[in-house]
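Coordinate analysis (summary)
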Amino acid sequence: MENSEQERNFDAKLERNETIEPKDWMPDNYRKHLIRQISQHAHSEIVGMLPEGNWITRAPSLRRKMVLLAKVQDEGGHGLYLYSAAETLGITREELVSQLLTGKAKYSSIFNYPTLTWADIGAIGWLVDGAAIMNQVMLQRTSYGPYARAMVRICKEESFHQRQGYEIMMVLAKGSPEQKAMAQDAINRWWWPSLMMFGPTDEKSPNSANAIKWKIKRESNDQLRQKFVNQTVPQAEIIGLTVPDKDLVWNESKKGYDFGTPDWEEFYNVIAGNGPCNKDRLAARTKAHAEGAWVREAAQAFADKRKELEVI
Ligand code: BYC
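Summarised in this report is the structure supplied together with it.

Some points on the nonpolar core
Tyr-30, Ile-38, Tyr-144, Trp-190 and Trp-191 are the most contacted members of the largest nonpolar core, which totals 74 residues. Considering every element that reaches this core, the biggest residue donor is helix 6 (residues 118–139), with 12 residues. Those residues in contact with Trp-191, other than ones at most four positions away along the chain, are Leu-127, Phe-228, Val-229, Thr-232, Val-233, Val-243, Pro-244 and Asp-245.

Below is the structure:
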């Protein structure tokens, strides 16, 4: 088929809101864009296990420990679905992991902040998973089939994660003055980094135009950030916590909040590798990868042996 005809077919599929599937023709830049975004997303899930994993041994009760273990395990599962979705685009798992470990591929800025207290686990579930869901609900309708299907299950699990985080915050906010102060301190530290998860403002977002054109993203970074603020501020109020933004004010005409500007210099610094925990996160993943080498070798030996026996 002529290239232009293939392109017309691709555009027509997008126009009809049909998904693009792995064996369909797609423009090279669409493929590259998806590999970048899906792998960044997968890496975020895997690196995202670290800050919460830090509290598994110190969870304040057996129930909290079981819930946190299950949540962290879910994030590992999300990473695996997403790596599999990225692999359907013609890149190997080895290449993807190597891009993370060499610092070539990004992962979400949010996971470069430390989890200092138990309340941080509540704040991550409530705010970080809350922001993730806000972004990911639209990705259930993203134009690439394997990514869209992975997102359906991920969103179901994320909404449980968000509720467990909010419940931790609710209990702390109703607890002793020290516990309430710990919850407030956590929201003070996690609020702005959570807003940064949506990425730079629309005018400074180089990838957005293509993402919207190709129906990879259906809403812009700023639209999603606004929706997140609108949804989360009343949740903070209900449990008696305050969002650390002196410019926050309800704007009746837009039926949403006006809010302050995140510290974009901090954001760019974190994604350039200079956040408080970037080096620790990459060191932890590098160590885990090295320590898992024997598992990969054993799995490969098993697969090779099976193939050999099948041939016989
Ligand atoms: N952190 O043109 P832009 C989760 C980069 S939740 C780091 O707007 P795009 C979890 C961006 O990659 C988190 N980098 O890009 C939750 C680009 O650089 P490159 C994961 C960021 O792609 C709880 C440059 O800045 N969710 O996993 O249109 C527990 C310009 O940005 C960030 C997803 O990944 C950031 N926050 O939009 C455990 C959702 N923001 O690549 C785990 C899927 C921007 O050109 N991803 N950059 O060098 C997306 O929706 C989009 O990729 C983004 C960015 C909204 C993140």
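Now that the structure has been shown, the text picks up again.
Regarding the site of the ligand
The local shell around the ligand holds 32 residues, among which Gln-40, Lys-106, Ser-109, Ser-205 and Lys-217 are the closest. Interatomic distance of 2.7 Å between a side-chain N/O atom of Ser-205 and an oxygen atom of the ligand. Protein contacts shield 92% of the accessible area of the ligand, which totals 1,000 Å² for the unbound molecule. Residue assignment for the shell around the ligand shows that the elements contributing at least two residues are helix 2 (28–47), helix 4 (62–87), helix 6 and helix 11 (264–274). Residues of the shell around the ligand, tallied by class, amount to 13 nonpolar, 12 polar and seven charged.

Remarks on the packing of aromatic side chains
Tallying each qualifying case throughout the model produces 11 aromatic pairs. Aromatic side chains Phe-198 and Phe-228 sit 5.5 Å apart centroid to centroid with 50° between the ring planes, which places their arrangement in the tilted category. In this pair, Phe-198 sits in the loop between helix 8 (177–196) and helix 9 (208–213) while Phe-228 sits in helix 10 (residues 221–238), placing the two residues 30 residues apart along the sequence. Each member of the pair, Phe-198 as well as Phe-228, is classed as buried. Taken together, the aromatic side chains of Phe-10, Trp-25, Tyr-30 and Trp-214 make up a single cluster linked through ring pairs.

Quick look at helix 1 (residues 3–15)
Between the first and last C-alpha of helix 1 there are 18 Å, a value that for 13 residues agrees with the 18 Å anticipated at 1.5 Å per step. The set of residues buried in helix 1 consists of Gln-6, Phe-10 and Leu-14. Taken end-on, helix 1 shows its buried residues confined to a sector of 80°, consistent with a single buried face. Facing away from the buried side of helix 1 by more than 90 degrees, the exposed set consists of Arg-8 and Glu-15. On its buried face, helix 1 is in contact with helix 2 and helix 9. Asn-17 sits one or two residues past helix 1 and shows a positive phi near 60°.

Focus: the environment of Ile-46
For Ile-46, the position within the fold is in helix 2. Each C-alpha atom, one on Ile-46 and one on Ile-56, is 16 Å from the other, the two residues being 10 residues apart in sequence. The contacts of Ile-46, once residues within four sequence positions are left out, are Gly-76, Gly-79, Tyr-83 and Arg-285.

Topic: the pattern of salt bridges
Under the criterion given, the structure shown has 19 salt bridges. The salt bridge involving Asp-129 is made with Lys-71; its shortest N-O contact spans 2.9 Å. One end of the pair, Asp-129, is in helix 6; the other, Lys-71, is in helix 4, with 58 residues separating them in the sequence. Accessibility expressed as a relative area gives 4% for Asp-129, which makes it buried. Given a relative accessible area of 0%, Lys-71 falls into the buried group. A salt bridge links Glu-291 to Lys-287, with the shortest nitrogen-to-oxygen separation between them at 3.3 Å. One end of the pair is Glu-291 and the other is Lys-287, both in helix 12 (residues 278–291) and four residues apart, which spans about a single turn. When its relative accessible area of 52% is taken as the criterion, Lys-287 is described as exposed.

Definitions and cut-offs
Residues numbered from 1 in each chain as written. Predicted model: local features only at pLDDT ≥ 70, side-chain atom pairs only at ≥ 80, totals over all residues. Heavy atoms only, no water. Core = buried A, V, L, I, M, F, W, Y, C linked by side-chain atoms within 4.5 Å. Buried < 20%, exposed > 50% of the residue type's maximum accessible area, 1.4 Å probe, protein only. Helix = DSSP H or I, 4+ residues; strand = E, 2+ residues; numbered from the N terminus. Contact = heavy atoms within 4.5 Å. Near = heavy atom within 4 Å. Polar contact = N/O pair within 3.5 Å; in protein donor to acceptor, adjacent residues only side chain to side chain. Areas by Shrake-Rupley, 256 points an atom, 1.4 Å probe, with all protein chains shown as cover. Nonpolar A, V, L, I, M, F, W, Y, C, P; charged D, E, K, R; others polar. Phe/Tyr/Trp six-rings, centres within 6.5 Å; stacked < 30°, edge-to-face > 60°. Expected span 1.5 Å × (residues − 1). Arc of directions from axis to C-beta. Salt bridge = Lys/Arg side-chain N within 4 Å of Asp/Glu carboxyl O.

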